[in-house]
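# Architecture at a glance
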Amino acid sequence: MSDQVGTITWISGPVVRARGSRNVGMLELVEVGSEHLVGEVIGLKGDQMTIQVYEETSGMQTGSPVYGTGLPLSVELAPGLIQSIYDGVQRPLPLIEQAMGSFISRGARFDPINREKKWKYTPKVKVGDEVQGGAILGVAMETDTFEHRVMLNPDDSGTITWVAPAGDYTVVDPIVKLKTSKGEKTVEMLQRWPVRRARPFVDRRGANIPLITGQRILDTFFPVAKGGAAGIPGPFGSGKTVTQHSIAKWADAEVIVYIGCGERGNEMTEVLQEFPHLIDPRSGRPLMERTVLIANTSNMPVAAREASIYTGITIAEYYRDMGYHVALMADSTSRWAEALREVSGRLEEMPAEEGYPAYLAGRLAEFYERAGYVNNLNGSQGSVSIVGAVSPPGGDFSEPVTQHTKRFIRCFWALDKSLASARHFPAINWLDSYSEYVTDVADWWREKVGKDWLDMRNRAMELLSEESRLSQIVKLVGPDALPYTERMVLETTRLIREGILQQNATEDVDAYSSVEKQIRLLELVLYFHDRGMAIVRKGAPINLIHDLPVVDTIIRAKSTVTNEEMHKFDDIQKQIDQQMGQLDAEYRS
Amino acid sequence: MSDVTVQGGQEVVGVARIEGPILIVEGAANVSYDEVVEIQDSRGQLRRGRVLEVGEGVAVVQVFAGSTGLSIDGTRVRFLSNTLHIPVAEEMLGRIFDGLGNPIDGGPEPLSDRYADVNGQPINPTARIYPRDYIQTGISTIDGVNTLLRGQKLPLFSGAGMPHDQLAAQIVRQATLGKVAGAPATEGEEFAIVFAAMGVKNDVADYFRRSFTESGALTRVAMFLNLADDPPVERIVTPRAALTLAEYLAYERDMHVLVVLTDMTNYGEALRQISNVRGEVPSRKGYPGYLYSDLASLYERTGRIRTSKGSITQIPILTMPNDDITHPMPDLTGYITEGQIVLGRELNFAGIYPPVAVLPSLSRLMKDGIGKNRTRDDHPRWGAQLYAAYAKTQDVRALASVIGEEELSEVDQKYLKFGRAFEREFVNQSFTENRSIERTLEIGWKLLSMLPKKELTRVNLDEIAKYYKGEDAAN
Ligand SMILES: Nc1ncnc2c1ncn2[C@@H]1O[C@H](COP(=O)(O)OP(=O)(O)O)[C@@H](O)[C@H]1O
Ligand SMILES: [Mg+2]
């Protein structure tokens with residue numbers, strides 16, 4: 001390890017060229033310059049190598065050495081990942097702070113996973129067992145309640161010759177010895193995996209269970225399946241980050257990997273300060289106890305930003321392999337694409353659209369392909385769901401990153417500037433968004449809530465598209481020109497928009513809606529519509545419906561009725577019956 | 001230009017090529033990336049520059065003062081083997097510097113034993129304190145609906161001929177630490193002000209200087225001036241020099257620092273120019289692909305850290321070319337900063353000051369600095385309600401322009417009245433009016449009371465009972 005393999009000949013920002021050994025491998029991790037900064041070989045031509053450096057290169061000199069490591073860029077996987085916060089190449093930020101103070105300077109070298117900490121470990125295999133890659137060797141308690149399933153590296157297999165007894169071990173203590181085709185091998189809890197290589201599984205299962213996020217416009221209208229991929233594009237200030245935070249907080253995944261990729265420092269700090277105090281509604285434990293954070297903020301080195309996405313997805317796959325449902329948030333994939341572009345530009349590669357390299361689409365595809373609900377090597381099932389934020393320049397969705405992303409995701413949550421300006425949040429445009437998982441997850445809803453979610457959802461969508469058509473007319477001639485039945489549609493869609501679609505992430509009661517609450521709200525609104533429609537058909541003027549006190553009650557129900565007070569919806573339904581009943585009686589001809 | 005003289009360092013006589021502000025220097029060995037160079041022209045005049053790219057025996061050097069007057073053979077380049085540093089000291093407050101940090105007020109070089117790298121270093125996210133304390137600016141469109149917090153970066157997006165300088169000056173003059181609505185006024189801690197001008201006219205710099213003088217703030221202000229007739233390339237250093245001082249004051253001297261950067265559009269121009277000279281692959285409108293990262297390296301130098309009591313709050317000013325908010329400069333700025341205050345041409349024509357276009361404006365941190373125990377309990381919902389109502393006003397206006405005002409429904413007519421009053425009474429205030437937060441909330445409620453109660457679905461029923469004074473208040 002660490003032999004000199006080259007001498008620097010050229011430096012431009014994060015990209016360095018060196019000349020030297022022909023034995024350096026493509027994508028090999030190298031140490032660059034006298035300060036041994038971490039870099040990765042991204043191009044080879046004869047004895048010339050091109051390296052992207054994960055740290056600031058100011059002050060680096062030509063003529064300085066490059067050292068090889070013989071290893072690809074990898075992450076460390078073991079108990080201790082959860083509750084961690086890393087930079088893009090898995091350096092633990094708290095240790096960097098301890099050693100260097102409030103500002104990140106160069107040359108930090110720390111083990112991503114603590115070597116001293118002991119974990120309560122119980123073996124799940126015995127001597128003589130034949131084990132294949134991915135096999136669960138034992139379990140360690142990573143938090144008070146989270147069971148970390150320690151697995152054999154997917155590339156290994158053999159016969160167990162020794163097993164450590166139950167007890168407290170560090171991640172580098174031996175836990176199993178194996179006889180393999182290449183001889184005896186000692187296995188520790190800690191394993192490494194190259195970030196650019198997807199971890200293997202047996203096969204994909206159908207993605208037909210929704211990832212429940214507690215966000216009504218997502219779960220009820222545009223659901224993403226567990227193991228699915230969703231994109232959330234939007235101009236600045238439209239709600240990408242708030243939506244991603246909401247999903248990270250409330251999604252029914254067992255592990256959350258949150259990647260702050262080229263975004264704000266304060267937003268990562270917010271998560272760090274908030275998550276330990278928020279309680280997961282399902283486990284009753286602090287949200288931080290299921291979260292891994294990767295923070296490579298916009299002012300941190302750009303090459304490490306490029307790596308951050310791979311670091312995050314590899315960690316997500318590792319927990320998937322244990323049989324868990326993992327949700328990964330990447331905010332923002334556009335900044336990652338820009339990092340690709342920046343490095344590509346320094347290499348003077350031939351640009352495709354808007355300066356992006358021609359391989360942009362390929363990289364995006366590789367990333368989203370790593371989502372999936374799979375049968376694991378060890379027989380368990382797990383999923384990685386990906387939610388990628390996209391930041392189109394000028395909010396223009398025709399730009400390359402948005403367009404290519406659309407090809408590889410099946411769920412598109414289109415944020416809309418004018419909704420955000422009117423403070424309609426989440427500012428997800430219901431006419432521009434889509435989910436291709438809608439029919440796939442319909443059975444789940446039927447079993448879970450015993451109601452025909454699909455039918456109700458589709459009816460609401462129809463009303464909303466009818467509203468859009470009617471608004472065009474209203475804009476030209478005013479609402480008075482519409483017949484009452486059409487104005488009834490507008491009354492109902494106002495309830496849908498204000499009472500269901502709008503959801504305030506900062507309000508305690510409203511921030512998270514259980515599926516039961518979601519479906520009940522929808523049912524009430526549609527019930528209101530049916531009753532109202534029957535009455536206006538009899539000739540009752542629309543303003544009588546508009547003025548019913550229950551309208552206000554329905555709109556406020558999202559924040560006045562908690563998830564635990566479902567019975568209150570029955571009261572609201574009674575109010576509808578009562579108030580509509582009265583009108584109905586008056587217009588019984 | 002610059003009068004620094006530094007000994008030592010490798011010197012090369014003659015340059016291979018000069019392209020705009022860029023020199024290609026051959027024959028230097030082991031040059032460091034980003035190191036500072038000192039350039040001497042044939043008459044012995046010195047200027048400074050910075051290494052942008054190094055190859056074997058070749059260095060690409062950017063000359064801050066531009067290359068006018070430099071010749072191929074007569075130019076000497078000395079490599080100083082360090083990145084660009086400036087002295088930092090508390091006594092730099094009250095002083096005026098050029099765009100590279102040299103004093104231009106006739107005073108002495110600041111005495112300091114601290115030299116800091118103008119590039120700064122990223123703040124570790126684990127070391128930050130999330131901003132929560134609001135700054136009362138006395139301006140309703142900011143305090144009320146786009147609240148500014150200590151440690152926030154909140155730009156003004158403006159256009160040529162609009163009063164962004166006045167607004168920035170008013171903010172700087174009136175800014176105090178906010179308090180709970182109704183609490184008695186206290187002696188606010190005073191802000192130190194770091195002002196950086198990039199490519200603005202002398203009038204603008206003068207305007208700010210006068211404004212600081214009048215408010216008695218001049219002793220708390222450090223000004224870094226790169227004016228319209230100063231070398232454009234120097235502009236790339238100016239905000240960095242200013243922020244380097246700001247970081248020292250905030251994080252080592254525990255001060256609350258307000259940084260005003262104007263005009264960031266000129267800064268972007270300079271960056272684009274260098275990129276184009278170097279023949280880099282452009283992204284949009286000729287701007288380099290790294291514009292986002294470059295801007296972030298400035299804007300992210302804002303905030304609070306756990307080891308200091310101080311804070312840096314940034315107010316960058318940008319004039320949007322053609323008032324186009326999707327232009328790369330405002331666009332990428334908006335993606336990095338924590339909101340934006342947008343000035344509107346129409347309001348300005350209508351004589352409204354400050355002409356803040358409320359709908360496209362945003363403070364992302366507002367939610368964490370207002371409400372119960374910070375301003376007043378109803379503040380967040382009150383703000384959302386004003387936004388919703390004013391947004392609705394825009395729809396009604398559009399409709400009115402088609403069918404005529406008389407044809408509007410009774411409710412819509414009320415919205416029209418609300419909209420007008422909102423602009424005249426809430427948005428509009430004088431350049432010297434310093435409104436308390438309770439006054440701002442009161443005006444807002446008065447305006448909301450012009451609408452039927454049933455329209456106010458963003459505020460809760462208790463709040464309506466308490467503050468709503470409209471005609472249907474009783475039922
Ligand atoms: N669901 C929501 N509830 C309440 N406020 C929201 C919501 N979504 C967005 N916002 C508001 O919009 C602002 C911008 O959202 P953010 O997610 O930061 O935008 P983006 O990441 O797209 O730039 C937030 O600061 C917040 O004020
Ligand atoms: Mg964001």
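Above this text is the structure in question.
Below: a short report on this structure. In this numbering scheme, every chain counts its residues from 1 along its sequence in written order. By the order in which they are written, chains take letters starting at A while ligands take numbers starting at 1. Owing to the predicted nature of the model, reporting of local features is limited to residues with pLDDT of at least 70; listing and counting of side-chain atom pairs is limited to 80 or more, with chain, interface and lining totals taken over all residues. Side-chain numbers come from the whole structure's heavy atoms, not from hydrogens or water.

### Quick notes on the side chain of Glu 498 of chain A
Among the structural elements, Glu 498 of chain A can be located in helix α12 (residues 484-501). Between two residues, a contact is recorded if the distance between any of their heavy atoms is within 4.5 Å. Apart from the residues within four sequence positions on either side, Glu 498 of chain A is in contact with Ile 555 and Lys 558 of chain A together with Thr 457 of chain B. Put simply, DSSP marks the helices as runs of H or I at least four residues long and the strands as runs of E at least two long, and each gets a number from the N terminus on.

### Regarding empty space enclosed by the protein
Each cavity reported here is a set of points on a 1 Å grid over the protein atoms alone in which a 1.4 Å probe fits but cannot get out, each pocket an open set with protein on both sides within 12 Å along at least five of seven lines, and each lining residue one with an atom within 4 Å of a point. Grid points are joined across faces, edges and corners, and a volume is the space filled by probe spheres set on the points. Summed over the entire model, instances satisfying the criterion amount to three cavities of 30 Å³ or more. There is about 140 Å³ of room inside the largest cavity. Lining the largest cavity are 17 residues, with Glu 338, Arg 341 and Pro 393 of chain A together with Ser 283 and Leu 332 of chain B positioned closest to its centre. Counting only elements with at least two residues in the lining of the largest cavity, the list comes to α6 (333-346) of chain A together with α6 (291-299) and α7 (328-336) of chain B. Per-element tally for the lining of the largest cavity: the top contributor is α7 of chain B, with four residues. In the scheme used here, Gly and all other residues not listed as nonpolar or charged are polar, with Ala, Val, Leu, Ile, Met, Phe, Trp, Tyr, Cys and Pro taken as nonpolar and Asp, Glu, Lys and Arg as charged. Among the residues forming the lining of the largest cavity, the class breakdown is nine nonpolar, three polar and five charged. Of the voids in this model, the second largest cavity is the one considered here, and its volume is about 90 Å³. Along its surface, the second largest cavity is lined by Phe 236, Gly 237, Ser 238, Lys 417, Ala 420, Ser 421 and Arg 423 of chain A together with Gln 340, Leu 359, Pro 360, Ser 361 and Leu 362 of chain B. Residues belonging to the lining of the second largest cavity are distributed by class as follows: five nonpolar, five polar and two charged.

### Remarks on the interface of chain B and chain A
If you look at the interface, chain B gives 77 residues, while chain A gives 80 residues. Both sides together, the interface formed by chain B and chain A hides about 6,300 Å², and carbon and sulfur atoms give 51% of it. A per-residue breakdown of the area chain B buries against chain A is headed by Tyr 33, Tyr 335 and Lys 454 of chain B, which together make up 13% of the total. We define a salt bridge as a side-chain nitrogen of Lys or Arg found within 4 Å of a carboxyl oxygen belonging to Asp or Glu. Along the contact surface separating chain B from chain A lie three salt bridges. One salt bridge connects Glu 270 of chain A with Lys 367 of chain B, and the closest N-O pair in it is separated by 3.5 Å. Two N or O atoms count as a polar contact when they lie within 3.5 Å, although within protein this holds only if one can serve as hydrogen donor and the other as acceptor, and sequence-adjacent residues are included solely when both atoms are side-chain atoms. Here chain B and chain A share 39 residue pairs in polar contact (both at pLDDT 80 or more) between them. Elements with a minimum of two residues in the side of chain B that touches chain A: β5 (46-55), β11 (128-129), α4 (238-252), α6, α7, α9 (366-369), α10 (379-403) and α13 (461-467) of chain B. Counting residues per element, the side of chain B that touches chain A draws most heavily on α10 of chain B, which supplies seven residues. Residue composition of the side of chain B that touches chain A, grouped by class: 37 nonpolar, 22 polar and 18 charged. Two parts lose some accessible area (1.4 Å probe) when they are put together, and adding that loss for both gives the buried area.

Nothing here speaks to function; it is geometry throughout.
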